[in-house]
Amino acid sequence: MKTLAIETSCDDTSLAIVNYKNWFFDIEKILLHSQIAEHTKFWWVIPELASRLHESKVIELLDNIWIENIKKVDFISYTCCPGLPWSLLVWRTLANTLSLFLNKKLTPVHHINWHILSILCDENIKNIQFPLIALTVSWWHNNIYIIENIEEKNYINELDSYIEQLQNNYNLDQDDIITKIWNLKITKIWFTLDDAAGEVFDKVSRMLGWPYPGWKRIWDKAKLWKKMDFDFPRIWLKKKEFNFSFSWLKASANYKIQEIKKQFWNKLDEQTICSIAYEFEQAVVETLWKKLLKSAKHFWIENIALVGWVSANEELKTFITNHKEKFWIKHFYTPKKNLYSTDNAAMIWVAGIIENLYTNTK
């Protein structure tokens, strides 16, 4: 089975052609164009600009994929939601046009679902142990999901009562919580109440005077840190609360930066910047890890996964790897390449193929 995948949910334009055979997902060709250079001057992603830049790349990327390769695919997958509406519309139009022109089936894919399934890129699905609990960490979202293999019938008994509690507390429909793809049941159990981790990384970097996107600068500066006599709070919420909240951490970082600036004539030296970056990164890493661990222990799940572009953070991955055995975690999954942590077509094809497998086996 082969698919053409299209991803344009935000500021990255990506196309991929992928093969699926004998439970293995293999990339044949992937193209990616980043719009970061164009958005940096505005210190944010400008939706109208993003959609126009996507549109300007349509012909170029298609030329590089080759129409003969596209004719050989079995169906076309594309991001349908969530994302910037006009950016999604550009490539939805392309997907529909190619579908009509080549007589290929269309498969819309949910953005968060393919983040979750990114652990299958260049992987045999038989190597993944279920049930597993996955933390998605990206610019807009911090969610925790339980993924069960329906065929294994190894269900989590306490999950039904927790879903009912979520529906009552947050006025959610069951469709907002549970997704079934092929033989996988994906259940959202916790989410961010305000700013997500990726968003806070960029906002704190702006406080330090760096252009968008600033998250990688924080990661790099944190490696050069020297210990100072301050740290940032870890926001745990209520004792039995598993949701995330990073707005107070963002505010605390702002207060500390302004306080230090007042002491040193509105300037921050390199050592102080590195220390702020390190302490902030540690606060995020520890909060994410402990929330993930707490939820795994609550449901007695021994397999965990970290996905989304913050999953490319080496400090976070190393922290979890070094601590997982201490807390009886058997398997820890992350995307095999940092490329698969970002918004790109690599995950669209995985989710698209799996959804088609589900359709064909119902």
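Anything mentioned here points back to the structure above.
Residues numbered from 1 in each chain as written. Predicted model: local features only at pLDDT ≥ 70, side-chain atom pairs only at ≥ 80, totals over all residues. Heavy atoms only, no water.

Student: Sorry, what's going on with the overall build of the chain here?
Tutor: Counting secondary structure elements, the chain contains 13 helices and 11 strands. Against the globule reference of 21 Å for 362 residues, the chain gives a C-alpha radius of gyration of 21 Å, in line with a compact fold. For the chain, with 362 residues in total, the buried portion stands at 57%. Within the chain, counting contacts between residues at least 6 apart in sequence, those at least 24 apart form 75% of the total. Looking at the chain as shown, the accessible area adds up to about 17,100 Å², and 51% of this sits on carbon and sulfur atoms. Side-chain charges of the chain comprise 44 positive and 43 negative groups, with the mean position of each set lying 2 Å from the other. (Helix = DSSP H or I, 4+ residues; strand = E, 2+ residues; numbered from the N terminus. Rg over C-alpha atoms; globule rule 2.2 N^0.38 Å. Buried < 20%, exposed > 50% of the residue type's maximum accessible area, 1.4 Å probe, protein only. Contact = heavy atoms within 4.5 Å. Areas by Shrake-Rupley, 256 points an atom, 1.4 Å probe, with all protein chains shown as cover. Lys, Arg positive; Asp, Glu negative; His and termini not counted. Charge placed at Lys NZ, Arg CZ, Asp CG, Glu CD.)

Student: What is the right way to look at the nonpolar core in this model?
Tutor: Nonpolar side chains in soluble globular proteins generally cluster together in the buried interior. Counting residues in hydrophobic clusters, the biggest one holds 67 residues, and the most contacted among them are Ile133, Phe280, Leu288, Phe299 and Ile304. Of all the elements, helix α11 (residues 270–299) adds the most residues to this core, at 14 residues. Dropping the residues within four chain positions of it, Phe280 is found in contact with Val200, Phe201, Val204, Ile218, Phe232 and Leu249. (Core = buried A, V, L, I, M, F, W, Y, C linked by side-chain atoms within 4.5 Å.)

Student: Help me understand the packing of aromatic side chains, please; the structure alone is not making it clear to me.
Tutor: Aromatic ring pairs are defined here through the distance separating the ring centres and the angle between the ring planes. Throughout the structure, instances matching the rule amount to 10 aromatic pairs. Centre to centre, the rings of Phe201 and Trp219 are 6.2 Å apart; their planes meet at 85°, and the pair counts as edge-to-face. Of this pair, Phe201 sits in helix α8 (residues 197–207) while Trp219 sits in helix α9 (residues 215–222), and the two are 18 residues apart along the sequence. With respect to class, Phe201 is no different from Trp219; both count as buried. (Phe/Tyr/Trp six-rings, centres within 6.5 Å; stacked < 30°, edge-to-face > 60°.)

Student: Any chance you could explain the environment of Asn69 here in plain terms?
Tutor: Locating Asn69 in the fold gives a position in helix α3 (residues 67–71). The spatial distance from the C-alpha of Asn69 to the C-alpha of Gly308 is 29 Å, given a sequence separation of 239 residues.

Student: Help me understand the pairing of strand β5 (residues 105–110) in this model?
Tutor: Here is the key point about a regular strand: its side chains alternate between the two faces of the sheet. Examined bridge by bridge, strand β4 (residues 75–81) and β5 share 6 bridges and lie parallel to one another. Along β5, the bridge assignment pairs Ser77 with Thr107. The parallel pair β4 and β5 is bridged by helix α4 (residues 85–102), and the resulting crossover is right-handed. (Pairing = 2+ DSSP bridges. Right-handed = clockwise from strand over helix to strand, strands pointing away.)

Structural measurements only, silent on function.
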